[in-house]
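Single-letter residue listing:
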Amino acid sequence: MSDKQKYSPGVRKYIEQAKKILDQKKEQTDRVKKLKFDTIAVHGLYTPDEALSQNQGAVIEPLYLSTAQAYRDSDEMEAALAYLIPTWCYTRFANPTTTYLELVLALLEGYQTGSDTSCLVTASGMSALMLAVDSFLIKQKQGTEKINFVSSIQIYGGTFQHFSIRKMEERGIEVRWVEHQKDSEEWRAKIDENTRFLYSEAPSNPQQSFCDVKALADLAHSWEIPFIIDSTCATPALMRPIAYGADIVLHSLTKSITSGGLAMGGALISRKPIVTKIKNDNPLFKESFAEYVKFLPYRDTGPAAAPLNALFALNDLRTLRSKMDLVSQNSEKIAEYLSQHPRVYQVDYLGLESYHLHSLAKNYMKLVDSDDGKGNEINRYGHLLSFRVDGPPQNARHVFDTFKIILRAGDLGRIKSIATIPAISTHLQQGEEARAKADVPPQMIRLCVGAENPDDIIADIDQTLSSL
Ligand SMILES: *Cc1c(COP(=O)(O)O)cnc(C)c1O
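Residues numbered from 1 in each chain as written. Predicted model: local features only at pLDDT ≥ 70, side-chain atom pairs only at ≥ 80, totals over all residues. Heavy atoms only, no water.

When helices and strands are tallied, the protein shows 20 helices and 12 strands. For 468 residues, the compact-globule estimate of 2.2 N^0.38 gives 23 Å, and the protein sits close to it at 23 Å. Each principal axis of the C-alpha atoms in the protein carries an extent, and together these give about 80 × 60 × 45 Å. Here the protein holds 468 residues, and 55% of them are scored as buried. Contacts spanning at least 24 positions in sequence make up 71% of the contacts within the protein whose residues lie at least 6 apart. Accessible surface computed for the protein: about 20200 Å², of which carbon and sulfur atoms make up 52%. Distance between charge centres in the protein, computed from 53 positive and 58 negative side chains, equals 3 Å. (Helix = DSSP H or I, 4+ residues; strand = E, 2+ residues; numbered from the N terminus. Rg over C-alpha atoms; globule rule 2.2 N^0.38 Å. Buried < 20%, exposed > 50% of the residue type's maximum accessible area, 1.4 Å probe, protein only. Contact = heavy atoms within 4.5 Å. Areas by Shrake-Rupley, 256 points an atom, 1.4 Å probe, with all protein chains shown as cover. Lys, Arg positive; Asp, Glu negative; His and termini not counted. Charge placed at Lys NZ, Arg CZ, Asp CG, Glu CD.)

The ligand sits among 13 residues. The nearest are Gly125, Asp230, Ser252, Thr254 and Lys255. Between Met126 and the ligand, the recorded distance is 2.9 Å, taken from a backbone N or O atom to an oxygen atom. Between the ligand and Asp230, the relevant distance is 2.6 Å, taken from a nitrogen atom to a side-chain nitrogen or oxygen of the residue. If the ligand stood free it would expose 380 Å²; the protein chains cover 93% of that surface. Among the cavities detected, the one that contains the ligand is the second largest pocket. For the shell around the ligand, the per-class residue count stands at three nonpolar, seven polar and three charged. (Near = heavy atom within 4 Å. Polar contact = N/O pair within 3.5 Å; in protein donor to acceptor, adjacent residues only side chain to side chain. 1 Å grid on protein atoms, 1.4 Å probe; cavity = no way out; pocket = protein on both sides within 12 Å on 5 of 7 lines; lining within 4 Å. Sits in = over half its atoms within 2 Å of the grid points. Nonpolar A, V, L, I, M, F, W, Y, C, P; charged D, E, K, R; others polar.)

Moving on, we get to the layout of surface pockets. Its boundaries defined by the atoms lining it, the second largest pocket holds a volume of some 280 Å³. Lining the second largest pocket are 19 residues, and of these Gly125, Met126, Tyr156, Ser252 and Lys255 sit closest to its centre. Secondary structure elements with two or more residues in the lining of the second largest pocket: helix H7 (125-134) and strand S6 (248-252). Here the residues of the lining of the second largest pocket are counted per class, giving seven nonpolar, eight polar and four charged. (Points joined across faces, edges and corners; volume = space filled by probe spheres on them.)

Split into domains, the protein comes out as domain 1 (89-317) and domain 2 (320-465). Listed as interface residues are 41 residues of domain 1 and, on the opposing side, 43 residues of domain 2. Of the roughly 3400 Å² buried at the junction of domain 1 and domain 2 (both faces included), carbon and sulfur atoms supply 60%. Glu179 serves as the salt-bridge partner of Lys437, at 3.9 Å between the closest nitrogen and oxygen. Counting every contact that joins domain 1 to domain 2 gives 19 residue pairs in polar contact (both at pLDDT 80 or more). Among the secondary structure elements, those contributing two or more residues to the side of domain 1 that touches domain 2 are helix H8 (157-171), helix H10 (213-222), helix H11 (235-238) and helix H15 (307-317). Here the side of domain 1 that touches domain 2 takes four residues from H11, the largest share from any one element. (Domains from an automatic or database assignment. Buried area = accessible area lost by both parts, 1.4 Å probe. Salt bridge = Lys/Arg side-chain N within 4 Å of Asp/Glu carboxyl O.)

Before going further, it helps to spend a moment on empty space enclosed by the protein. One pass over the full model with this rule turns up three cavities of 30 Å³ or more. There is about 50 Å³ of room inside the largest cavity. In terms of lining, the largest cavity is formed by Ser256, Ser259, Lys323, Met324, Val327, His383, Gly413, Arg414 and Ile415. Split into classes, the residues belonging to the lining of the largest cavity amount to three nonpolar, four polar and two charged. Taken as a whole, the second largest cavity spans an internal volume of roughly 40 Å³. Leu101, Val121, Thr122, Leu253, Thr258, Ala263, Met264, Gly265, Ala305, Asn309, Ala310 and Ala313 together form the lining of the second largest cavity. Among the secondary structure elements, those contributing two or more residues to the lining of the second largest cavity are strand S1 (116-122) and H15.

Pasting the structure below:
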C-alpha cells in the first residue's frame, strides 16, 4: 500500500510539511559541510536564525530535559510514531539537545573524507560499542553457522572484557585475537566466511598500538564485512578513519572529546553506506547504519544519552582541534624527557621517532586543517603515552605514589594530567596471561597529559623519578 492509500489527508499534510523541513535541513547541512573543521565544531547546525526564531536568541544550544514531546493532534502523532516526519518523541528514542551533538560529530568525523556519515550518541562508550557489534552478531536465516569476529587484542580493558566474557563466554561467539595488529597478514589468516567484522582500536589504550587502517578496511571489504574502529584516543581532530575506508567509528565521548570531565557519553559514527553481507529488511542497516541503530536497537535496549551530558560534550567539543594540538605538543615534550631518563627503560608514544609504530602512525595521525608551510598537515599524536620504570614493580608504584600534580585515576582524556598503573586498574580483570599478551606489565605507568605547562609536569615526574 502506498502512503496515499494508507494515511488520511490529515497525516499526509504533516508528511508534506516535513518534506519541506527536511529539504531545508539538507540545504543547511550542505552549506555547513563546506566550512572548516573549527567552524563546524563551534557552531554545528545551530544557526543564528534558529536561535532567534525558536530559542529567544540564546547563543548556546538549548537543553531539553523533557522526557517526551507533545503533538498538535492525532494526525501529527500518527505521522511521528510511524517515523514519517522528523520527531524525537521520547528521550529514550531521541532528544533535540543530543541531536545537535550527533549532527556535529557526524560532520566532524566525515570531514574531508569524501563520504557522508551519520551518528548516534549513547550513554557511554561501552554502549556505543555494544550497539555497533551486536547488530552484526545475529544468526542469519539458516541459523547454524558458528559466528566469529576478528579483533586486535590491544584494546581498552573494558572492551576486552566485553568481548571475552559477554560475547565469547556467555554467548559462544568466537573472538579471534590478533596479537600484532600492525601485521595485516595476521588479520588475513584469521578471517573466514563466518567472520562478521574486523575490530581495532588505534591508537590503543594504553599500549599505543596502531594498525594500518586502510589495509584493514580493504581486507574487510574483500570479505564483504565492515571494519569497525575505536578512535577514542585520536578524536576526529587527529584522524578520521572513514577517509581510509573504515565503516564504523566508535568514540568514548567521556574522554578527550569531553575533556572537562563532567559527562559520560559514547558515539557511533557510520559511513553511508557501510559494507556488510548481513541481510536486514531495513534499508537503513546498510545505507545509514547509525540511524538504523538509533531507530531500532538503541530504542529497544535503552542506553539513551542524558541530554545534559550531550550538552557538556557539545560545549567541550567546540575547541577540540586546538586542544588536541596543545596536549599533543605537551606530550611530545614529556615523552622526549622520559625517553632520556636513565630510570625509564621504555616509553611508548606514537610521536617518538624511536617508537616502533611511529612511521605507521605518521601516515594517519595529522592535525586537521594544519599546514607545515609546505602544504602538508602537521603530525600530532594525541596525549596518551606510557612509560616503564626500571626495576621491580614496586618502583613504578613508588613513582606513581609520589606525583604531586599529576592525579592518580583510571581516567584519561582530561584537561588535567592523569596517570594510572594499568596492570592494577584498567587491565586488572584481564588476568596475568592476557596482560602479558597485550604487553601491559606492572612496570608500566600510563600518563594522559593535560593542558598544564609541560615544564611543571616534567618537574613533577622528575622529583619522583629522582627519589628512586
Ligand atoms: C574509556 C574507553 C572506552 C569506554 O568508554 P566509556 O565511556 O567509559 O564507556 C572505550 N574505548 C576506549 C579507547 C576508552 O578509552
